[in-house]
Amino acid sequence: MRAENSEKWLISVCGLNCAKCDIYQAGHGNDKLMNEIIEWFKKERNETVKPEQIRCEGCRGPLDVHWSPDCKMMLCAKKQGLQHCFQCKDFPCTILNKFSLDGTAHHKRTVENMKKMKEIGIGAWIAEQKRKGQSLFCP
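Residues numbered from 1 in each chain as written. Predicted model: local features only at pLDDT ≥ 70, side-chain atom pairs only at ≥ 80, totals over all residues. Heavy atoms only, no water.

**Concerning the packing of aromatic side chains**
Thinking step 1. Enumeration according to the criterion identifies 3 aromatic pairs in this entry.
Thinking step 2. A ring pair is formed by W40 and F41, whose centres lie 5.1 Å apart and whose planes are at 90°; its orientation type is edge-to-face.
Thinking step 3. You can call W40 partly exposed: its relative accessible area is 33%.
Thinking step 4. Considering the side-chain rings of F41 and W67, the 6.0 Å spacing of their centres and the 70° angle between planes classify their relative orientation as edge-to-face. You can see F41 sitting in helix α2 (residues 31-45) and its partner W67 sitting in the loop between α2 and α3 (72-80), a full 26 residues away along the chain.
Thinking step 5. W67 sits in the partly exposed class, given a relative accessible area of 34%.
Thinking step 6. In textbook terms, an aromatic cluster arises when at least three aromatic residues are bridged by ring pairs, as seen for W40, F41 and W67.
Thinking step 7. K20 extends its terminal NZ or CZ atom over the ring of W9, reaching a point 5.3 Å from the ring centre. (Phe/Tyr/Trp six-rings, centres within 6.5 Å; stacked < 30°, edge-to-face > 60°. Buried < 20%, exposed > 50% of the residue type's maximum accessible area, 1.4 Å probe, protein only. Helix = DSSP H or I, 4+ residues; strand = E, 2+ residues; numbered from the N terminus. Lys NZ or Arg CZ within 6 Å of the ring centre and 35° of its normal.)

**A closer look at the nonpolar core**
Thinking step 1. Formed by 20 residues in total, the largest nonpolar core has its most connected members in M73, C85, L96 and M114.
Thinking step 2. Elements with a minimum of two residues in this core: α3, α4 (94-100), α5 (110-120) and α6 (122-132).
Thinking step 3. Beyond its immediate stretch of four places on either side in the chain, M73 contacts V13, C14, C85, I95, L96 and F99.
Thinking step 4. With 10 residues, the next largest nonpolar core counts I23, A26, I37 and I54 among its residues. (Core = buried A, V, L, I, M, F, W, Y, C linked by side-chain atoms within 4.5 Å. Contact = heavy atoms within 4.5 Å.)

**Some remarks on the pattern of salt bridges**
Thinking step 1. Enumeration according to the criterion identifies 5 salt bridges in this entry.
Thinking step 2. The salt bridge involving E57 is made with R55; its shortest N-O contact spans 3.3 Å.
Thinking step 3. Residue class for R55 comes out partly exposed when judged on its relative accessible area of 30%.
Thinking step 4. When the shortest N-O distance is used, the salt bridge between K89 and D90 registers 3.4 Å.
Thinking step 5. Taking relative accessible area as the criterion, K89 reaches 74% and is therefore assigned exposed.
Thinking step 6. By relative accessible area, which is 44% here, D90 ends up partly exposed. (Salt bridge = Lys/Arg side-chain N within 4 Å of Asp/Glu carboxyl O.)

**Looking at the packing of α5 against α6**
Thinking step 1. Where α5 contacts α6, the axes come no closer than 7 Å and their chain directions differ by 120°. When the axes of α5 and α6 are compared, the pair comes out oblique. Together, N113, K116, M117 and I120 of α5 and I122, A124, W125 and E128 of α6 make up the contact between the two elements. (Axes fitted to C-alpha atoms, helices over the stretch in contact; angles between N-to-C directions. Parallel < 35°, antiparallel > 145°, perpendicular 65-115°, else oblique.)

Right under this line is the structure:
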């Protein structure tokens, strides 16, 4: 499965681009991805998932429509009133470092990306990523 490339950027608490996520796109009208995700759950996990369960509004959306409502980084940022981990005095913290080293390919770049976002600002970082052609899933 792979989310379609789009120009939308929705930077999460941890620095991923929610708008490029398969779950986010499936829940926002990408029926092809929705069907692929449902089939993946059947095949890989022997679980039946209904379309209405495949919803996520990103980190700033309500937890009842969030794919990972128990995300430690998101809950920590909300508790502290922060929009992004790099705004925290403890950045990068143990939770974020553990996430970036969990073996998931796109998680590896979160700390590096957020250091740059902190340095130049999110808008400038997104513009830089677009110039580099990095508008892929979870840049």
